[in-house]
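# A structural walkthrough
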Amino acid sequence: MTTFTQTAPVTASPRPGIAATVRHTATLAWRSLVQIKHNPMELLDLSVQPIMFLLLFTYVFGGAISGSTGDYLQFSLPGLIAQNMLFASLTTAIGLNTDITKGVFDRLRSLPIARSAPLTGRILADTLKQVWAFALFLGLGMVLGFRVQTGVLGVVGALALLLTFALALSWAAVLIGLTAENQEKVQIVAFSLMMPITFTSNAFVPTDTMPGWLQKWVEINPVTHLADAVRGLLSGGPVASSATISVLWAAGLAVVFAPLSVRAFRNRT
């Protein structure tokens, strides 16, 4: 007599709803943030560079460029904050690449969570880390003599603009982290892109001190508009035009790189 064993059909787990996806994203963002408690070096990486760049540019180049370290600090600090935001976004690419190469994403994929949560959680956590870098830069700058001329609203506006740009730029960092083979290649690609963009802007020196052919690029450089907007929000001066262009750049980055990153994420995982 033959015995037949009936097995239940395998059904795909239901796709999490919006509320569940938000909850999963917040949980994985918290996972990235709480790692700082167990690995303080991660926060140290976000602290050493701001301190080093601020002291280096103020006391080495300040006198030569502006004739006074105090005057140069008032000009350069907003640009240094904008530059640091760009370089801090590299942590998204490096952290994401590490999670993938070490198999963390494979383990997360086996859990009943939203497929997008590991990606969006990482982006959210690294964007929030930018708040620490901003506070450190501004706090140390004020100790050295920088003065905010626009009050609390100006500081909040500058932080909001920087976080908006950082969030959009994170999608480009995600694409690099997903497509690079290892951390070394992530750093090579990212620095090769970031260094020319930041140093050919008016973040550190006024545009009119540069050659005419370079000024034309500086005037359309997104870092220039971001630095000008932050400079206006913290020190006073025109804000609307530079802030609007910065937001448009952020929207463009998100529109271009978010779909490419999602596609690379799906192919990689």
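Model, not experiment: these values are computed from the prediction. (Residues numbered from 1 in each chain as written. Predicted model: local features only at pLDDT ≥ 70, side-chain atom pairs only at ≥ 80, totals over all residues. Heavy atoms only, no water.)

### Examining the packing of helix 6 (residues 117-144) against helix 7 (residues 151-179)
Two elements in contact, helix 6 and helix 7, have axes separated by 9 Å at closest approach and are oriented at 140 degrees. By the angle between their directions, the pair helix 6 and helix 7 is classed as oblique. As for the relative orientation of helix 6 and helix 7, their crossing is right-handed in sense. For the pair formed by helix 6 and helix 7, the contact residues are L119, I123, T127, Q130, V131, F134 and L138 on the first element and V155, A158, L159, L162, L163, A166, L167, S170, W171 and V174 on the second. Tallied by class, the residues present in the contact of helix 6 with helix 7 amount to 14 nonpolar, three polar and no charged. (Axes fitted to C-alpha atoms, helices over the stretch in contact; angles between N-to-C directions. Helix = DSSP H or I, 4+ residues; strand = E, 2+ residues; numbered from the N terminus. Parallel < 35°, antiparallel > 145°, perpendicular 65-115°, else oblique. Left-handed = near helix turned anticlockwise from the far one by under 90°. Contact = heavy atoms within 4.5 Å. Nonpolar A, V, L, I, M, F, W, Y, C, P; charged D, E, K, R; others polar.)

### Let's talk about a nonpolar patch on the surface
A surface patch of nonpolar side chains, amounting to about 320 Å² of accessible area, comprises L56, V60, F61 and I65. With respect to the secondary-structure elements, L56 resides in helix 2 (residues 41-66). (Patch = residues over 30% accessible without salt bridge, like charges linked within 9 Å, V, L, I, M, F, W, Y side chains within 5 Å. Areas by Shrake-Rupley, 256 points an atom, 1.4 Å probe, with all protein chains shown as cover. Salt bridge = Lys/Arg side-chain N within 4 Å of Asp/Glu carboxyl O.)

### Here we look at the side chain of T198
Relative to the elements of secondary structure, T198 occurs in helix 8 (residues 183-199). Residues in contact with T198, not counting those within four places in the same chain, are Q83, L86, F87, A203, F204 and V223.

### Thoughts on the nonpolar core
L77, M85, L86, L226 and L234 are the most contacted members of the largest nonpolar core, which totals 40 residues. Mapped by element, the contributors of at least two residues to this core are helix 2, helix 3 (69-88), helix 6, helix 7, helix 8, helix 10 (222-235) and helix 11 (240-268). Ignoring sequence-local partners within four residues, the contact set of L77 consists of L54, F137, L138, G141 and F146. (Core = buried A, V, L, I, M, F, W, Y, C linked by side-chain atoms within 4.5 Å. Buried < 20%, exposed > 50% of the residue type's maximum accessible area, 1.4 Å probe, protein only.)

### Overview of the packing of aromatic side chains
Considering all chains together, one arrives at six aromatic pairs under this definition. Considering the side-chain rings of F53 and F57, the 5.8 Å spacing of their centres and the 15 degrees angle between planes classify their relative orientation as stacked. Pair noted here: F53 and F57 are both in helix 2, with a separation of four residues, about one helical turn. Summarising the burial analysis for this pair, F53 and F57 share the class buried. Ring pairs connect the aromatic residues F53, F57, F61, F199 and F204, which therefore count as one cluster. The lysine or arginine in question, R231, covers the ring of F75, its NZ or CZ lying 4.1 Å from the ring centre. (Phe/Tyr/Trp six-rings, centres within 6.5 Å; stacked < 30°, edge-to-face > 60°. Lys NZ or Arg CZ within 6 Å of the ring centre and 35° of its normal.)

### Structural notes on helix 4 (residues 90-101)
Its 12 residues give helix 4 an end-to-end C-alpha distance of 17 Å, which sits within 8% of 16 Å, the value for a rise of 1.5 Å per residue. Burial analysis of helix 4 places nine of its 12 residues in the buried class, which makes it a mostly covered element. Here helix 4 has its buried residues at L90, T92, A93, G95, L96, N97, T98, D99 and I100. Positive backbone phi, at 85 degrees, marks G103, one or two positions downstream of helix 4. (Expected span 1.5 Å × (residues − 1).)

### Details of the environment of T27
Residue position: T27 is located in helix 1 (residues 18-38). Expressed as a C-alpha distance, the spacing of T27 and A117, which sit 90 residues apart in the sequence, is 8.7 Å. A distance of 2.9 Å separates a polar side-chain atom of T27 from the backbone oxygen of R23. (Polar contact = N/O pair within 3.5 Å; in protein donor to acceptor, adjacent residues only side chain to side chain.)

### Observations regarding the environment of A135
Examined against the element boundaries, A135 turns out to sit in helix 6. For the pair A135 and I81, spaced 54 residues apart in the sequence, the C-alpha separation amounts to 9.8 Å.

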